[in-house]
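The lines below spell out each chain.
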Amino acid sequence: MKLAALGEVMVELAPQASVQGRSGGDKPLLAQSYAGDTYNTAVYIARGGVSVSYVTLLGDDPYSEEVLARLAEEGIATSAIARLPGRCPGLYMIRNTPDGERYFTYWRGQAPARELFADADRREVLKAHLRTMDCLYLSGITLAIMGEEARAELLVFLEEYRGQGGRVAFDSNYRPRLWASADAARAVTSQFLQQTDMALLTFEDEQALWGDKRAGSCLKRNSSLGIAELVIKRGAEPVLLQLEGELTAIDVPPVPRVVDTTGAGDSFNAGYLAARLQGASPQASVAAGNRCAAQVIGYRGAIIPRATCMAAAEIEDCVTSKQVVTMV
Ligand code: ADP
């Protein structure tokens, strides 16, 4: 099974510790790494034993080179990544406040990833690559950073791709600041959900986008779009799984020490897709998603060290295990 993940990877600067500034006051010591929602998911899917290609655009600067090196270290194919001369990836910084909240500030307006599917020649080459994949994974962030015409081209391509038997997995990952308006986000997200086979949505994002008070309205709206496999993540609350109209709630095992929930949804998606693409049932794949997320939230940062991560063998367990599920 082969999966391509489409999106943006950014340079991340995150505070590690504080040092005393010259004029007094604490100055954060920053650690530099790389992250991005579809990138995080791609890394964990590859660690779960599925062959992954990451699809984005990068520049020709040292940070772009390092992203390619990181992907290669994870065994992720980079052959479909286009390079734009003179450009560099987007950047974001994390700021921790004394009350434990985390704030994100982005510099990503000029990122080469914004040109995904935009250039006609590059697009044709990319389509040929994507047609060789069993599954494509993208998110609302992928769509939000793309140009309008490129998005329309991608939508048409997804219809063709699914017509040929390809499967599309999608996480709406609503980030209001990336969209011109909530109406625009709702319209685009709905269009792409209609070309989605596996929707891996977070209830909090659905609430922010649609104003859902309860999960019922979220399930109803998304099922009316004809999604075969609908998964709603709700933090520590049971995951909702709706298959062909049948609803199941699957408990999230307690995590003894939640250190940092960055990348929880991304890693859940990875566990789910890695298991699903290797033949697990949707129920067992939810369990794999929970396990993958549990490991990631036990450590700081979106990408945890490989040694501490769910191995492909654990995905195998999920493929064969029988999950206990409770009906809603
Ligand atoms: P997002 O990161 O998109 O906001 P959620 O917060 O819904 O997503 O979390 C995604 C998944 O991460 C959950 O379905 C669950 O598997 C795991 N998770 C998140 N928070 C917790 C928690 N407090 N305890 C246990 N698991 C959690």
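Residues numbered from 1 in each chain as written. Predicted model: local features only at pLDDT ≥ 70, side-chain atom pairs only at ≥ 80, totals over all residues. Heavy atoms only, no water.

Peer 1: Just give me the short version of the packing of helix H1 (residues 37–47) against helix H9 (residues 264–277), but keep the residues and values in it.
Peer 2: For the pair H1 and H9, interaxial distance at closest approach is 8 Å and the crossing angle is 40°. Put simply, H1 runs oblique to H9. As H1 packs across H9, the resulting crossing turns out to be right-handed. Seen from H1, the contacting residues are Asp37, Asn40, Thr41, Tyr44 and Ile45; seen from H9, they are Asp266, Ser267, Asn269, Ala270, Leu273 and Ala274. Split by residue class, the contact of H1 with H9 holds five nonpolar, four polar and two charged. (Axes fitted to C-alpha atoms, helices over the stretch in contact; angles between N-to-C directions. Helix = DSSP H or I, 4+ residues; strand = E, 2+ residues; numbered from the N terminus. Parallel < 35°, antiparallel > 145°, perpendicular 65-115°, else oblique. Left-handed = near helix turned anticlockwise from the far one by under 90°. Contact = heavy atoms within 4.5 Å. Nonpolar A, V, L, I, M, F, W, Y, C, P; charged D, E, K, R; others polar.)

Peer 1: Talk me through the nonpolar core; I want residue IDs and the actual numbers.
Peer 2: Grouped together as the largest cluster of nonpolar side chains are 47 residues, with contacts concentrated most on Leu130, Leu136, Leu138, Leu143 and Leu154. Broken down by element, the residue count for this core peaks at six residues, all from helix H5 (residues 148–163). In contact with Leu143, not counting residues within four places along its chain, are Leu138, Arg151, Leu154, Phe170, Trp179, Val188 and Phe192. Residues Tyr44, Ile45, Ile76 and Ala169 belong to the second largest nonpolar core, which totals 41 residues. (Core = buried A, V, L, I, M, F, W, Y, C linked by side-chain atoms within 4.5 Å. Buried < 20%, exposed > 50% of the residue type's maximum accessible area, 1.4 Å probe, protein only.)

Peer 1: Describe the pattern of salt bridges, with residues and values.
Peer 2: Side-chain pairs of opposite charge can arise whenever the charged atoms involved come near each other. Evaluated as defined, the whole model comprises 17 salt bridges. The salt bridge involving Asp260 is made with Arg102; its shortest N-O contact spans 3.8 Å. Placement of the pair is Asp260 in the loop between strand S14 (246–250) and H9 and Arg102 in strand S8 (residues 102–107), with a sequence separation of 158 residues. Arg102 sits in the partly exposed class, given a relative accessible area of 24%. Between Arg221 and Asp212 there is a salt bridge, with the nearest N and O atoms lying 2.8 Å from each other. Here the residues in one salt-bridge network are Arg47, Glu74 and Arg306, joined through shared partners. (Salt bridge = Lys/Arg side-chain N within 4 Å of Asp/Glu carboxyl O.)

Peer 1: Would you mind going over the site of the ligand in detail, with residue names and values included?
Peer 2: For the ligand, the set of nearby residues contains 15 residues, the closest of which are Thr202, Gly235, Val255, Gly265 and Asn290. Take Asn290: an N or O atom from its side chain is 2.8 Å from an oxygen atom of the ligand. Burial of the ligand by the protein chains amounts to 82% of its free accessible area of 550 Å². The set of elements that each furnish at least two residues to the shell around the ligand consists of strand S12 (229–234), H9 and helix H10 (282–296). Per-element tally for the shell around the ligand: the top contributor is H9, with three residues. A class-by-class count of the residues in the shell around the ligand yields nine nonpolar, four polar and two charged. (Near = heavy atom within 4 Å. Polar contact = N/O pair within 3.5 Å; in protein donor to acceptor, adjacent residues only side chain to side chain. Areas by Shrake-Rupley, 256 points an atom, 1.4 Å probe, with all protein chains shown as cover.)

Peer 1: Hey, could you go over helix H8 (residues 215–223) for me, with residue numbers and the actual values?
Peer 2: Every buried residue belonging to H8 is among Ala215, Cys218, Leu219, Arg221 and Asn222, and all of these are buried. For H8, the angular spread of buried residues about the axis comes to 165°, placing them on one side. Residues of H8 that are buried sit in contact with helix H6 (182–193), strand S11 (198–202), helix H7 (203–210), S12, strand S13 (237–243) and S14. (Arc of directions from axis to C-beta.)

Peer 1: An account of the packing of aromatic side chains is needed here, citing residue identities and associated values.
Peer 2: Applying the stated criterion across every chain, the model contains six aromatic pairs. Ring centres of Phe268 and Tyr272 lie 6.4 Å apart, and the angle between their planes is 20°; this geometry places the pair in the stacked category. Within this pair, Phe268 and its partner Tyr272 are both found in helix H9, separated by four residues, close to a single helical turn. Of the two residues, Phe268 and Tyr272, both sit in the buried class. (Phe/Tyr/Trp six-rings, centres within 6.5 Å; stacked < 30°, edge-to-face > 60°.)

Peer 1: Report on the environment of Asp61, specifying residues and quantitative values.
Peer 2: Locating Asp61 in the fold gives a position in the loop between strand S5 (57–58) and helix H2 (62–73). On the basis of relative accessibility, which here comes to 11%, the residue Asp61 falls in the buried class. Beyond its immediate chain neighbours, meaning those up to four positions away, Asp61 contacts Arg87, Cys88 and Pro89. At a separation of 3.1 Å, a polar atom in the side chain of Asp61 contacts the main-chain amide nitrogen of Tyr63.

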